[in-house]
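Examining the three-dimensional arrangement
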2 protein chains.
Amino acid sequence: MSEPTPATRSIVVERTMPHPPEKIWRALTVSSLISEGLMQNDFEARAGATFTFRAKPMGDWNGIVHCEVTTFEPPRRLVYTWKGGSVQDAGYGFALDSVVEWTLTPVPGGTRVRMEHSGFGPQNDSAYAAMSGGWPGGLERLERVAAERA
Amino acid sequence: MSEPTPATRSIVVERTMPHPPEKIWRALTVSSLISEGLMQNDFEARAGATFTFRAKPMGDWNGIVHCEVTTFEPPRRLVYTWKGGSVQDAGYGFALDSVVEWTLTPVPGGTRVRMEHSGFGPQNDSAYAAMSGGWPGGLERLERVAAERA
């Protein structure tokens, strides 16, 4: 029998926002709004599109995240792959071969927003720690963009 | 409109184990096996049962986790509440009012085991950090117990 795969970890952040799903969907899928809430990007709003996020370069990593939209179901479900990092950064690993999944569920008074970032292997421990700390603020900014700009 | 709820975070760890779901289910639901793999406990294998885990006391917290089995569907899905901690421990908060959900899915050659520990609020940041680091080792021990003892 083959060796079992090592464990992978996910970061899940959930937040109820007092806005309809359509408004949050725009904040998640209009490139200029994504830049305000999450990160600089050249997102294209269709399944199959490839795009990049631009983060702050860190060590040997140029800060570019390579992504592909794998699910695009307005206004409920958005999934994209998320690959980045460098093998030179201890703990970051090349690549962080991961997936980000957004799920919007209508609830009384608003929308339950769930973000799951999955696929962190043992070699991605520092990325996991950094992004665990970063995603809650991302959802906070997303809510503000949805409220003010979408 | 009421204030939106703050974000909560979850820890998700997934691992494919080269054993059938029934074997892993035993490691998850037989009290003596749970003690070997995860923590000391007085688990009872039925929906509605209340039980405790006993962790190492920390600061003002006596180390007792109060739990209730809310879903018991052998050999696929086990959910229990997980309440513990003390308001005296900065960042831990009283209580850590959270939920642990185990999902076993048969895959070729074994079982995909998914553990989701959800409900960490902003007041539970240090518990989140500690348990993010702890759960992957828990699944590793669970696999060993399933292999050798279940």
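Please read all numbers here as calculations on a predicted model, not as lab measurements. (Residues numbered from 1 in each chain as written. Chains lettered and ligands numbered in written order. Predicted model: local features only at pLDDT ≥ 70, side-chain atom pairs only at ≥ 80, totals over all residues. Heavy atoms only, no water.)

Right, let's talk about the confidence of the model for chain A for a bit. Residues and elements named next belong to chain A. Within chain A, residue pLDDT values average 90, and 91% of them lie at 70 or more. For chain A, the element scoring lowest by mean pLDDT is helix α3 (residues 125-148), at 92; helix α1 (residues 21-29) scores highest, at 98. Among the prediction metrics, the complex's ipTM stands at 0.75, with pTM recorded as 0.84. (pLDDT = per-residue confidence, 0-100. Helix = DSSP H or I, 4+ residues; strand = E, 2+ residues; numbered from the N terminus.)

Right, let's get into the relation of the copies chain A and chain B. Each of the two chain copies can be brought onto the other by rotation about an axis and movement along it. The operation relating chain A to chain B is a screw motion whose rotation component is 180 degrees, with 0.0 Å of axial translation and a residual RMSD of 0.0 Å. Taken together, the rotation and translation describe the operation of a two-fold axis. Of the C-alpha atoms belonging to chain A, the one lying closest to the rotation axis is found on I11 of chain A, 3.0 Å away. Mapped onto chain B, 100% of the interface residues of chain A again fall at the interface, so both copies present the same surface. (Least-squares fit on C-alpha atoms with pLDDT ≥ 70 in both. Contact = heavy atoms within 4.5 Å.)

Our next topic: the packing of aromatic side chains. Any two aromatic rings considered together are summarised by their centre-to-centre distance and by the angle between their planes. Residues and elements named next belong to chain B. Under the definition given, this model contains 20 aromatic pairs over all chains. Ring geometry for F51 and Y80: centres 5.4 Å apart, planes at 90 degrees, overall edge-to-face. Of the two residues, F51 sits in strand β3 (residues 50-54) while Y80 sits in strand β5 (residues 77-84), which places them 29 residues apart along the sequence. Overall, F51 belongs to the buried group, its relative accessible area being 3%. Relative to W135, the ring of W102 has its centre 5.8 Å away and its plane inclined at 75 degrees; by these criteria the two rings are edge-to-face. (Phe/Tyr/Trp six-rings, centres within 6.5 Å; stacked < 30°, edge-to-face > 60°. Buried < 20%, exposed > 50% of the residue type's maximum accessible area, 1.4 Å probe, protein only.)

What follows covers the packing of helix α1 (residues 21-29) of chain B against helix α3 (residues 125-148) of chain B. Residue and element names in this part refer to chain B. Close contact between α1 and α3 brings their axes to 9 Å; oriented N to C, the two are set at 115 degrees. One element, α1, and the other, α3, form an angle in the roughly perpendicular class. For the crossing formed where α1 meets α3, the hand is right-handed. Contacts from K23, I24, A27 and L28 of α1 reach α3 at L142, V145, A146 and A147. (Axes fitted to C-alpha atoms, helices over the stretch in contact; angles between N-to-C directions. Parallel < 35°, antiparallel > 145°, perpendicular 65-115°, else oblique. Left-handed = near helix turned anticlockwise from the far one by under 90°.)

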